[in-house]
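Coordinates in review
Residue-level listing of the chains:
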Amino acid sequence: MYDELIVSPRVLLGPGPSEANARVLKAMTTPMLGYLDTEFVQVMGDTVGLLRRVFGTENRLTLPVSGTGTAGMEAALANVVEPGDAVIVGVKGYFGERIADIAARCGGIVTKVETEWGTHIPAEKIAEVVAKVSTPKLVALVHGETSTGVLQPLKDAIEIAHQNGALFLADCVTSLGGQPVDMDALDIDIAYSCTQKCLAGPPGLSPISFSDRAVDVIRNRKTPIQSFYLDMTLLENYWHGEKEKRRYHHTVSISLIYALREALRVVLEEGLDVRYKRHVHNARALLAGAKAIGLQPAAEEGYRAPMLTTLRIPDGIDDATIRTRLIADYGIEIGAGLGVFAGKAWRIGLMGESSNEKNVMLVLSALEKLLIESGHRVERGSAVHAASHVYAV
Ligand SMILES: Cc1ncc(COP(=O)(O)O)c(C=O)c1O
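The ligand sits among 14 residues. The nearest are Thr68, Thr70, Thr146, Asp171 and Lys197. A distance of 2.9 Å is found between an oxygen atom of the ligand and a backbone nitrogen or oxygen belonging to Gly69. One nitrogen or oxygen atom from the side chain of Thr174 is found 3.5 Å from an oxygen atom belonging to the ligand. Compared with its free state, where it exposes 380 Å², the ligand has 88% of that area covered by protein. Looking at the shell around the ligand, the elements that each hand over two or more residues are α3 (69-80) and α4 (94-105). If one sorts the elements of the shell around the ligand by residue count, α3 sits on top with three residues. Of the residues assigned to the shell around the ligand, the class counts are four nonpolar, seven polar and three charged.

Next up on the list: the domain arrangement of the protein chain. In terms of domain boundaries, the protein chain breaks down into domain 1 (22-269) and domain 2 (272-392). Each of domain 1 and domain 2 has a C-alpha centre, and the two are 29 Å apart. On the domain 2 side, the residues contacting the 28 residues of domain 1 number 23 residues. A buried area of about 2200 Å², summed over both sides, lies between domain 1 and domain 2, and 66% of it is on carbon and sulfur atoms. The largest contributions to the domain 1 side of the interface with domain 2 come from Trp117, Gly149 and Gln179, which together make up 23% of the buried area. Put simply, domain 1 and domain 2 have zero salt bridges between them. For the side of domain 1 that touches domain 2, the secondary structure elements donating two or more residues are α2 (38-55), α4, β7 (150-151) and α10 (254-270). For the side of domain 1 that touches domain 2, the residue count by class is 14 nonpolar, twelve polar and two charged.

Conventions we followed
- Residues numbered from 1 in each chain as written.
- Predicted model: local features only at pLDDT ≥ 70, side-chain atom pairs only at ≥ 80, totals over all residues.
- Heavy atoms only, no water.
- Near = heavy atom within 4 Å.
- Polar contact = N/O pair within 3.5 Å; in protein donor to acceptor, adjacent residues only side chain to side chain.
- Areas by Shrake-Rupley, 256 points an atom, 1.4 Å probe, with all protein chains shown as cover.
- Helix = DSSP H or I, 4+ residues; strand = E, 2+ residues; numbered from the N terminus.
- Nonpolar A, V, L, I, M, F, W, Y, C, P; charged D, E, K, R; others polar.
- Domains from an automatic or database assignment.
- Contact = heavy atoms within 4.5 Å.
- Buried area = accessible area lost by both parts, 1.4 Å probe.
- Salt bridge = Lys/Arg side-chain N within 4 Å of Asp/Glu carboxyl O.

Listed below in structure tokens is the structure:
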């Protein structure tokens, strides 16, 4: 026999999952219902209504697909991209690469707009590439690039896509619930996210939304959607079908949908604007403290995502030693660098529930102590001192 499952307490300050809200975890213990039970259908309706508010959209085709953020990415691309379609993908980090990879697997002819890791993609660069591609079908950008901590401006890129007759897709896996997505106001055609970052739920669902323009593109496909599981026309019947037209597609995760419904209630109870400001404020304090102990931001100024701060690892400091001791001594998880930033930067997530003053002070004091013990020369107490100034105003 194995022992009962008991895990050590952790402070989750990595790239996700972040801390799940206690009300969300409690909602998951709600008894099972059948996937077509009228009471569960009501829960589905509530969840979609709440999701639309967080996405800032009235799109009918809004729902959580089963699976993590990557399932949303696959769903977005598999439904819209047909073999031979021209797809333009902004690549400024690891997740832009993933979009390009999946778009190519869908048969898309992918053109990348690349910039250096840690920087945003300027609109002019996107315009230049789009102009060279004949009949682009889709322009895709990652909003919050979790590998670099860059928050990509979307507005101009959306206009460029539409002026050239293309749909616009935004990966909002890291941004939704932490910074404004405003789908309708910005005219984003497709956006997807996850539940385990700024929505403060467990991983397992990927909220996604398609504009009417994107739905028309799906309905007018020449080839069938290759994926059965992620076929939005089938999922639409299950999630949005009227009475007898609502049909079984697959057994959705009942408990995760309870969780998402509660997570969205928590988000909207706090208020979107208050929540966005909280993320900005805590990120500002974290960065002030980090800079005070010589940890420089790896993301370009003016384009830093408040939910994920990347910090360059100082010369002579061993990445793994510090992260291992953060876990062992304090139970704090921070993220290792990915791709180009592997071994060169840390990724500190302040997402959803995890974005609070207590965590900022804790991670700064722990980092400062461990850095000093590794031979990094800084004045003791300076990280917390700098952060507390931010909280004092
Ligand atoms: C920007 C971005 N897109 C996509 C993904 C993939 O999401 P998941 O790991 O939930 O499948 C992630 C995961 O961190 C991400 O940060």
